[in-house]
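Overview (structure and organization)
Listed below are the residues making up each chain.
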Amino acid sequence: SMGSPALLMRVVASAYSVAEKAATIVRNVMAAGDLGIVEKTGANDLQTKADRLVQMSICASLARKFPKVTIIGEEELSTDEVTEELIEDGHCEEILKKTCPAQYTGIKEEELVIWVDPLDGTKEYTEGLLDHVTVLIGIAYGGKAIAGVINQPYYNYEAGADAVLGRTIWGVLGIGAFGFQLTEAPAGKRIIITTRSHSSTLVNDCISALNPDSVIRVGGAGNKIIQLTEGKASAYVFASPGCKKWDTCAPEAILHAVGGKITDIHGNSFQYNKEVKHMNSAGVLATLRNYEYYASRIPNTVKQSLVP
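Residues numbered from 1 in each chain as written. Predicted model: local features only at pLDDT ≥ 70, side-chain atom pairs only at ≥ 80, totals over all residues. Heavy atoms only, no water.

We count it as follows: UniProt positions are given in the numbering used here, feature names are shortened, and annotations may be inferred rather than shown by experiment.
Within an unreviewed UniProt entry, the label attached to the protein reads 3'(2'),5'-bisphosphate nucleotidase 1, and the organism entered is Phaethon lepturus. Taken from UniProt, the Sequence similarities (unreviewed entry) comment for the protein reads in full: "Belongs to the inositol monophosphatase superfamily." Its UniProt record gives the protein a comment under Cofactor (unreviewed entry), which states: "Mg(2+)".

**Brief notes about the sheet that holds strand S4 (residues 112–120)**
Just so we agree on the cut-off: Strand pairing is assigned whenever DSSP identifies at least 2 bridges connecting the two strands. Under the DSSP-based scheme used, a helix requires at least four consecutive residues in state H or I and a strand at least two consecutive residues in state E, with every element numbered from the N terminus. For helices, the fitted axis covers only the stretch in contact; all axes are lines through C-alpha atoms, and the angles between them, taken along N-to-C directions, range from 0 to 180 degrees. Here, two residues are considered to be in contact whenever any of their heavy atoms come within 4.5 Å of each other.
The strand order across the open sheet built from six strands is S3-S4-S5-S6-S7-S8, with neighbouring strands paired in mixed fashion. Only two strands of the sheet have a single partner each, and these edge strands are strand S3 (70–73) and strand S8 (176–178). Looking at each pair of strands side by side, their axes are set apart by 15 degrees on average, direction ignored. Along the sheet, helix H1 (residues 7–32) makes contact with S4, strand S5 (134–141), strand S6 (144–152) and strand S7 (167–172), crossing S6 at roughly 30 degrees. Most of the contacts of helix H7 (residues 245–257) go to S6, to which it runs at about 100 degrees, and overall it touches S3, S4, S5, S6, S7 and S8.

**A short note on the domain arrangement of the protein**
Often the size quoted for an interface is simply the accessible area lost on bringing the parts together. Basically, it comes down to this: The start and end points of each domain follow an automatic or database-based domain assignment. A quick way to say it: buried area is the sum, across both parts, of accessible area lost when two parts are put together, with a 1.4 Å probe. A pairing counts as a salt bridge when a side-chain nitrogen of Lys or Arg comes within 4 Å of a carboxyl oxygen of Asp or Glu.
The domains assigned to the protein are domain 1 (7–178) and domain 2 (191–305). For domain 1 and domain 2, the distance between their C-alpha centroids amounts to 21 Å. With 41 residues of domain 1 at the contact, the number on the domain 2 side is 30 residues. In total, about 2600 Å² of surface goes out of reach between domain 1 and domain 2, with carbon and sulfur atoms giving 65% of it. Across the domain 1-domain 2 interface, the total number found is three salt bridges.

**Some words on the side chain of Asp 247**
For the record, the criterion: Each residue is assigned to one of three classes by its accessible area relative to the maximum for its type, calculated with a 1.4 Å probe on protein chains only: buried under 20%, partly exposed between the two thresholds, exposed over 50%. The convention is simple: Lys and Arg are positive, Asp and Glu are negative, and His and the chain ends are not counted. Any pair of N or O atoms that falls within 3.5 Å is considered a polar contact. Within protein, one atom must be able to donate a hydrogen and the other to accept it, and sequence-neighbouring residues count only if both atoms are side-chain atoms.
Tracing the backbone through its elements, the reader meets Asp 247 in helix H7. With no salt bridge to any partner, buried Asp 247 finds its closest opposite charge in Lys 244, at an N-O distance of 5.8 Å. Separated by 2.7 Å, the side chain of Asp 247 and the backbone nitrogen of Lys 244 make a polar contact. When neighbours within four sequence positions are excluded, Asp 247 is seen to be in contact with Asp 117, Asp 120, Leu 136, Ala 221 and Gly 242.

**So, the packing of aromatic side chains**
Put simply, the rule reads: Two aromatic rings, drawn from Phe, Tyr or Trp (for Trp, its six-membered ring), form a pair once their centres lie within 6.5 Å of each other, and the interplanar angle then sorts them: stacked below 30 degrees, edge-to-face above 60, tilted otherwise. We call a charge positioned over a ring when the NZ of a Lys or the CZ of an Arg lies within 6 Å of the ring centre and within 35 degrees of the ring normal.
Within this structure, the stated rule accounts for six aromatic pairs. Between the aromatic rings of Tyr 154 and Tyr 157, the centroid separation amounts to 6.3 Å while the plane-to-plane angle is 70 degrees, which identifies the pairing as edge-to-face. For Tyr 157, a relative accessible area of 29% gives the class partly exposed. Pairing Trp 170 with Phe 178 gives two aromatic rings, centres 4.7 Å apart and planes at 25 degrees, and the pair type is stacked. The rings of Trp 115, Trp 246 and Tyr 272 are connected pair by pair, giving a single aromatic cluster. Across the ring face of Tyr 155, the terminal group of Arg 167 is positioned such that the distance to the ring centre comes to 3.8 Å. Taking the ring centre of Tyr 291 as reference, the NZ or CZ of Lys 261 above it sits at 4.5 Å.

**Here's the deal with the UniProt feature "binding site: Mg(2+)" (unreviewed entry) in the protein**
Our working definition: The distinction between a cavity and a pocket rests on a 1 Å grid over the protein atoms alone: a 1.4 Å probe fits inside a cavity but cannot get out, while a pocket stays open yet meets protein on both sides within 12 Å along at least five of seven lines, and a residue with an atom within 4 Å of a point counts as lining.
With numbering aligned to this structure, UniProt lists the feature "binding site: Mg(2+)" (unreviewed entry) at Glu 74, Asp 117, Leu 119, Asp 120 and Asp 247. Over a stretch of 174 residues, the named residues converge on one spot in the fold, their C-alpha atoms separated by at most 9.6 Å. Restricting the annotated residues just mentioned to those that line the largest pocket leaves Glu 74, Asp 117, Leu 119, Asp 120 and Asp 247. Following the sequence through the fold, Leu 119 ends up in strand S4. Apart from the residues within four sequence positions on either side, Leu 119 is in contact with Val 26, Thr 48, Ala 50, Asp 51, Tyr 125, Val 133 and Thr 134.

**So, H7**
Put simply, the rule reads: Residue count minus one, scaled by 1.5 Å, sets the expected span of a helix. At every residue, the bend is computed as the angle between two fitted axes, covering the seven residues ending there and the seven beginning there respectively.
For H7, spanning 13 residues, the distance from its first C-alpha to its last is 18 Å, which sits close to the expected 18 Å at 1.5 Å a residue. The largest bend in H7 is about 25 degrees, located at Pro 251. Of all 13 residues that make up H7, twelve are buried, and the element is covered over most of its length. Two residues or fewer past H7, Gly 259 is found with a positive phi of approximately 90 degrees.

**Details of the sheet that holds strand S12 (residues 261–263)**
Taken in spatial order, the five strands line up as S10-S9-S11-S13-S12 in an open sheet, and their pairing is mixed. Looking at the sheet topology across the chains shown, the edges are occupied by strand S10 (214–217) and S12. Pairs of neighbouring strands in the sheet enclose a mean axial angle of 20 degrees, with direction left out of account. Where strand S9 (residues 191–194) meets S10, four bridges bridge the pair, whose relative direction is parallel.

Laid out in structure tokens, this is it:
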């Protein structure tokens, strides 16, 4: 017999179901009409009832199954008030059928770090830009993002009343990424995707230097990486601090699983060990293809302004 599936595959399979539960919570909070918005550091840094409930649901559900895994979430919350209806115990059978890559078969619980953004694109969520919103569960080992789950609770929301709402994308390095149609951006077109609500002179100067054919401004790091993997954009460029490890961990794993690349503005890889600082202070540069083209054109003035 094959024995039981490797820990990594069990964690990913559980994270898949946990993310689907999270999406239901996100949609229910919106449908109920009271978002319970609080400002954290200002008007562009919001937390809603959905952020709070989803984080409790994800962290408590995964901690119950994998008690020795380190789980780091965006929101500072006590887990005391987790009610039983927030717990998701299921897993995706399909994922358990995949063979775990050999280099990950011996992983122990205490070697994994899970980075959770319960609701990426909170500001957009409060403004009704629902297609920008994602739930991010990133899984790191040895400081590297090796697996991720991204749920889009409102995928298809403009497709009419009969449309199936939401989708879950997942990936593991060495296996690939699933739940979407991998597509390359139009050849010879430079379509830059960047921040919608955290723009600055530096952000805009950096984009201008890349001589883009067009610029797309949307919320959410998860959303931006999906746009790269579906060929809607050629590069995600954010020359600013502000992005955090829980924004990039899951998207990085998905992007790397399909041969893309994400770094800071200087070309440094992100580190995801549990002691690491949470801020990606030197910005983000990501592409599905042609990373070197964009990396080579980031102005030195921009690089000097952003200290890793």
